[in-house]
Amino acid sequence: MKKYNIFFIFTFLFYRETFCNDFIKYILIILILTMKSISILRLTAILLCSMHLLGSASLQAQMNKWVNYSPDLTTVLKNPAMGWMMYEEGWSFQGTRHNKSNIYTPEVFWKQMEECKAADYSNILYIRMLWKDLEPEEGKYAWIYNERYKWYIQKAKDKGLKLAFRVFFHGVDGVPSYVYEAGATESPIDDEGKTQPYYDNPVFLEKLDKFIEAFAKEYDNPDEVDYIDAYGLGRWGEGHGLVLEKQDNLESVIRQITESYARHFKKVLTVMNLSQSDYRFSKPLVYDKLGFLPRRDGIGSFWFSNEERAMVHDELFPKRALIGEGCWWFNAQDGDNSKYKHFQGDKRFAMNDFKEAFTVSVTDALDSHCNTLDLRVPLQCKFWIEELPDQVQRFITLGGYRLYPDYIKVEQDHKTLTLFHSWKNYGVGVLPNNHPNWNYKYQVSFVLMNEKKEIVFLYTEPEAEPSEWLKGISYNYLSRFNIPAELQGKYTLCVGLTDKTKNNEAAIDLAVSGNLKIGKWIFVVELEL
């Protein structure tokens, strides 16, 4: 073999860093077999040393690794718009106006909740309050002027709970007097001793819009509020039994009130109670046009009718997540619920006691794809936690959404990463990422962290949409991207669901078991660049 041929081979191999290792070995074997002189041996030795160094560098810049993940099925994931809810039924702020035996104050509420550690199991404090309790005088809002209310709300925030609200009007003195003084009209007293405003009265609608505007200025904050029950009309604010001056005005009233909420609340999820009595209007005007989520009170009972179940299963889910509330509850404000037997008359489910009634509620909530369910008022929270811990855990595991990567395959070719990743949802619900106020803000992102755990590079996969992920299906994606040339050394590759409105921080707690979390990021592999 001539010297210039060996020189050509040496030069070619040295500058082709990605050359196949097997082919390099083949060339070297030919060189060794054709050696004729000591000078060729020396040159071959140089070639072998060079190829060894080049091969080592090449291996450091290449990787082919498959990473599997196991789902965490037990942890309470503190994610938005899902999980167990604690309830404020307004009792803490009504005194004895509605019920002479009411024992509740803000202090009693939190004392009882803390005794059973309800916040450890819950994600949301749902506050259902009459308009008058939030604005007793025109412009005198509770969040500004009521110190006990402000203390109460701060307690929830300190416990890591998100807030949710329903402002309703059906009650004893439930609407601020200034509204009636300005010209709104009031219904006769009903069988519960309560009244409602006539909802199509223009003065009522005008004053309510002004209140909603002020309400949104305080609570249109997704860091603190999960959702707003953006309707509240009728008996208990559930959308049925409402009173109108003209019955033909129902469509107009639904449109005006929901559009008022939609106009003022731009960031927080908006919800409307599902009712077959107004679905012919609410479906096109609210769920379709405005993108509101449906909420159904009465889960676990015949009151959640076959027609409404079909609305959820056939028309709303999975495009719209379902906010659920159980039908049966500890409604005695004096704390004695021993006489409550209403569930025994249910026409759909057979139930003899609260244990059976609450178990039915969990089953029905899961069958209906509910994102939320209620532990509810303090003594009911205590009952759930102490008497039905298996049912509490059952909804923690299966209720709402529970997202995780099933596997990630990493292929590294120097500064190019190719990632094959598969995602699953263990929960029966969905992440409502497609709600207009969220506007697809949660995204699948991969990051590189340096040794200080600082993020130095981020890639977001545009094809992955977590609102589409349903239980029992694998969602597979291919991501390929180049890493900036200036990044050199060792880095940690992680994956997460990020919030594009918050500088792409990892925002959804993924259900991954094992010691693989760095905050809300999930460890994938270590890379050397």
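Anyway, here's the lowdown on the structure attached to this text.

Procedures and definitions
- Residues numbered from 1 in each chain as written.
- Predicted model: local features only at pLDDT ≥ 70, side-chain atom pairs only at ≥ 80, totals over all residues.
- Heavy atoms only, no water.
- Phe/Tyr/Trp six-rings, centres within 6.5 Å; stacked < 30°, edge-to-face > 60°.
- Helix = DSSP H or I, 4+ residues; strand = E, 2+ residues; numbered from the N terminus.
- Buried < 20%, exposed > 50% of the residue type's maximum accessible area, 1.4 Å probe, protein only.
- Lys NZ or Arg CZ within 6 Å of the ring centre and 35° of its normal.
- Expected span 1.5 Å × (residues − 1).
- Polar contact = N/O pair within 3.5 Å; in protein donor to acceptor, adjacent residues only side chain to side chain.
- Contact = heavy atoms within 4.5 Å.

This part takes up the packing of aromatic side chains. Counted according to the given criterion, the structure contains 48 aromatic pairs. Arranged with centres 6.4 Å apart and planes meeting at 65°, the rings of Phe 354 and Phe 383 form a pair that is edge-to-face. You can see Phe 354 sitting in helix 14 (residues 354–367) and its partner Phe 383 sitting in helix 15 (residues 378–387), a full 29 residues away along the chain. For Phe 354, a relative accessible area of 10% corresponds to the buried category. Three or more aromatic residues joined by ring pairs form one cluster here, namely Trp 131, Tyr 141, Trp 143, Phe 165, Phe 169, Tyr 199, Phe 204, Phe 211, Phe 215, Tyr 219, Tyr 261 and Phe 265. Positioned over the ring face of Trp 329 is Arg 376, at 4.2 Å from the centre of the ring.

All right, on to helix 10 (residues 202–219) then. Spanning 18 residues, helix 10 covers 25 Å between terminal C-alpha atoms, matching the ideal 26 Å at 1.5 Å per step. In this structure Asn 201 caps helix 10, since a side-chain oxygen of it lies 2.9 Å from the backbone nitrogen of Val 203.

Now for the environment of Lys 65. Relative to the helices and strands, Lys 65 resides in strand 1 (residues 62–68). With relative accessibility at 42%, the residue Lys 65 sits in the partly exposed group. Separated by 460 residues in sequence, Lys 65 and Val 525 place their C-alpha atoms 8.4 Å apart. In this view, Lys 65 contacts Ile 408, Lys 409, Val 410 and Val 525; residues no more than four positions away in its chain are not counted.

That is the geometry; function is a separate question.
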